[in-house]
Amino acid sequence: MTLSEKYIEKIQTEFSKKCVLVIGDLMVDEYIIGKVARISPEAPVPVLNFKEKRLEAGGASNVARNIRMLGASVSVVGMASTDAQGKWLRGYLLNSEINVDGIYAESGRPTTVKTRYATKGQQLIRVDNEDSSCIKKESQKKILDYLKKSLLSGYDAIILSDYKKGIFNDVNFVNEIVTLCNEHRVIVGIDSKSRDIQAFKNVDFVKPNNLELEEAVGIKIEDEKSLDIAGSIYLEKSQAKSLVVTRGADGISVFIPGRERKDFASRAVQVFDVTGAGDTVISTIALGMASGLSLYESAQLANFAASIVISKVGTTAVTQKELIKRILNEEAG
């Protein structure tokens, strides 16, 4: 069996059998689309003539959507208000067959919304409405109680999606989640913008991008050597089992203690929008590993999935059919 055949077999027969839990910062991506034909007489800014408004699930919500689109069952845990955007998000996820029983609301904390004003595919400005302070201890307890109950039901993988919007600001809270997962021997993957990487001990893999890796270890990545040094420091400080670094046009690099770095080149596609590509990568890797693929095989599969996402505009997810088609096209090419 070739590697391509192995990928397709796993996607078609194993992905739909898996259950994944996503804990993280839930967001709504709002797009205000219009046409610019003139500059405002009030200030040197373009006037956007409104055409349409579109809402999409972002952040940890998009991770959950990616997993569901790839065929697995998924539950999502996080914070969203009872405001209009929060109600829309719950409804959207429910309609996508995603379990939302673990979504909680805090008084005074709005649903995180990123509003992008754009014309002809080009962003003019982004407006964020959010509260990125640490969630309350009461909310942490609700999440931990939900996790304990969920682990008894049985999950194949758990993903922590940290966008620094308040869910994982407390390092001790992160430690409790990871410890619980390790006790139940569940695959744990983390996509985190945090510098508090000591909380990631015994995590199966952590997936920062190049910039997040730099900020976490305090080293500017300028060449292959500095990348190796940064990766080694990250692994040593975090004590994670492996490190997956997404590097944009340079693809994905995987670090495992005691082994040389392994690189997976990005797939050759026309890039329209990188929004949500990291969500696709961590979703595919977690699902791949839960289905019996190695970390290296899962990272390569994630490269295929990411190449689909960046060739589209906006926050999006990859379907089984699209992923299989991409694999077959690569093999034929």
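All figures in this text were calculated on a predicted structure; none of them were measured in a lab.

Caption draft 1: Molecular detail of the pattern of salt bridges. Taken as a whole and judged by the stated rule, the model has 21 salt bridges. A salt bridge links Lys53 to Glu30; the shortest N-O distance between them is 3.7 Å. Residue Lys53 is located in strand E3 (residues 46-59), and its partner Glu30 is located in strand E2 (residues 26-39); the two are separated by 23 residues in the primary sequence. The exposure class of Glu30 is buried, given its relative accessible area of 14%. Across the pair Asp263 and Arg247 runs a salt bridge, and its minimum N-O distance is 3.8 Å. Taken together, the residues span a long stretch of sequence, with Asp263 in strand E13 (residues 262-264) and Arg247 in the loop between strand E11 (243-246) and strand E12 (252-255) at a distance of 16 residues. Through salt bridges with shared partners, a single ionic network connects Glu224, Asp228, Arg247, Arg261 and Asp263.

Caption draft 2: Just helix H4 (residues 137-153), in detail. With 17 residues, H4 ought to run about 24 Å at 1.5 Å a step, and its terminal C-alpha atoms sit 25 Å apart, in line with that. All buried positions along H4 are accounted for by Ser139, Gln140, Ile143, Leu144, Tyr146, Leu147, Ser150 and Leu151. Buried residues of H4, seen end-on, are gathered within an arc of 165° and therefore sit on one face of the element. Summarising the geometry of H4, the exposed residues directed more than 90 degrees from the buried face are Lys137, Glu138, Lys141, Lys149 and Leu152. Where the residues of H4 are buried, they touch strand E1 (19-24), strand E4 (73-79), strand E5 (99-104), strand E8 (157-162) and helix H5 (171-183). The positive-phi residue at the C-terminal boundary of H4 is Gly154, with phi of around 100°.

Caption draft 3: Quick peek at a nonpolar patch on the surface. A contiguous nonpolar surface patch, about 320 Å² in accessible area, is contributed by Tyr117, Leu124, Ile125 and Val127. Broken down by element, the nonpolar patch gets its largest block of residues, three residues, from strand E7 (residues 122-129). The residue Ile125 is located in strand E7 in this model.

Caption draft 4: Structural detail: unusual backbone geometry. One non-glycine residue, Glu97, lies in positive phi territory at about 65°. Relative to the helices and strands, Glu97 is located in the loop between helix H3 (84-95) and E5. Phi at Lys164 takes a positive value of approximately 60°, unusual for a residue other than glycine. Mapped onto the elements, Lys164 comes out in the loop between E8 and H5.

About the criteria used
Residues numbered from 1 in each chain as written. Predicted model: local features only at pLDDT ≥ 70, side-chain atom pairs only at ≥ 80, totals over all residues. Heavy atoms only, no water. Salt bridge = Lys/Arg side-chain N within 4 Å of Asp/Glu carboxyl O. Helix = DSSP H or I, 4+ residues; strand = E, 2+ residues; numbered from the N terminus. Buried < 20%, exposed > 50% of the residue type's maximum accessible area, 1.4 Å probe, protein only. Expected span 1.5 Å × (residues − 1). Arc of directions from axis to C-beta. Contact = heavy atoms within 4.5 Å. Patch = residues over 30% accessible without salt bridge, like charges linked within 9 Å, V, L, I, M, F, W, Y side chains within 5 Å. Areas by Shrake-Rupley, 256 points an atom, 1.4 Å probe, with all protein chains shown as cover.

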